[in-house]
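Residues per chain are reported as follows:
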Amino acid sequence: MKVEALHIGQKVRHPQYGIGVVKSIAEHSAEVRFDDGLRTVEPDSSGITPAEPSASLSGLEMPLDQLLRTTVETVLDSLGYENPNSVIDQLGVRWHRGKLVLHPADPTLQPKEVPLEVFFHKLVGVRNQLRVFEQKINSHANLTDGEKVELQQYITRSYGSLTTFNLLFKSKEDQFSSKGE
């Protein structure tokens, strides 16, 4: 393995010392912490190899931009991230570029203005998290049916509290329902 291929924090496997973690890198050597202590090794001649998974993309025929875009979209999808623009599409047209203004009771304090698109995105985020929570409750193996119903009632009441904001939604099917979703 070439010293140029190492990075600090990388796990490596040495034929004699086992698995270690790279702590520092010099021009021709690296300090690696093995179970028995810190050792200086020369990667070119010591026979160390990476001890962590790595990927090679040399045979892949695809523009790098497309590969990165596809990878990022896949990761965001798996994390449940929603594109803010897709959320804004659910906002009623009359509310676009509007703002939510919070006025404190104390007139010496300044009001807080929040763009409705930002507020709406957060509101839809709450709705989506409630949906995920509801799914987790319903599929939970250790909860009894009675416990699931009890927890479900909290979610239903939360939806009911959020119906105040239904006027912001463009479509009725995207709104909160006091019966739950």
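Relevant structure appears above.
What counts and how
Residues numbered from 1 in each chain as written. Predicted model: local features only at pLDDT ≥ 70, side-chain atom pairs only at ≥ 80, totals over all residues. Heavy atoms only, no water. Helix = DSSP H or I, 4+ residues; strand = E, 2+ residues; numbered from the N terminus. Buried < 20%, exposed > 50% of the residue type's maximum accessible area, 1.4 Å probe, protein only. Polar contact = N/O pair within 3.5 Å; in protein donor to acceptor, adjacent residues only side chain to side chain. Contact = heavy atoms within 4.5 Å. Phe/Tyr/Trp six-rings, centres within 6.5 Å; stacked < 30°, edge-to-face > 60°. Expected span 1.5 Å × (residues − 1).

(A) Structural detail: the side chain of Q10. Structurally, the position occupied by Q10 is in the segment before β1 (11-14). A relative accessible area of 4% means that Q10 is categorised as buried. Among the polar contacts made by the side chain of Q10, one reaches the main-chain amide nitrogen of H7 at a distance of 3.0 Å. Ignoring anything within four residues of it in the chain, the contact list for Q10 reads M1, A5, G20, V21, V22, P50 and E52.

(B) Up close: the packing of aromatic side chains. Within this structure, the stated rule accounts for three aromatic pairs. Centre to centre, the rings of F120 and F169 are 4.9 Å apart; their planes meet at 65°, and the pair counts as edge-to-face. Of the two residues, F120 is situated in helix α4 (residues 116-139) and F169 in the segment after α5 (145-162); the sequence distance between them amounts to 49 residues. Judged by its relative accessible area of 5%, F169 falls in the buried class.

(C) Structural view of α4. Between its first and last C-alpha atoms α4 spans 34 Å; for 24 residues at 1.5 Å apiece the expected length is 34 Å, and the two agree. When α4 is considered as a whole, its buried residues turn out to be L116, E117, F120, L123, V124, R127, N128, L130, E134 and I137.

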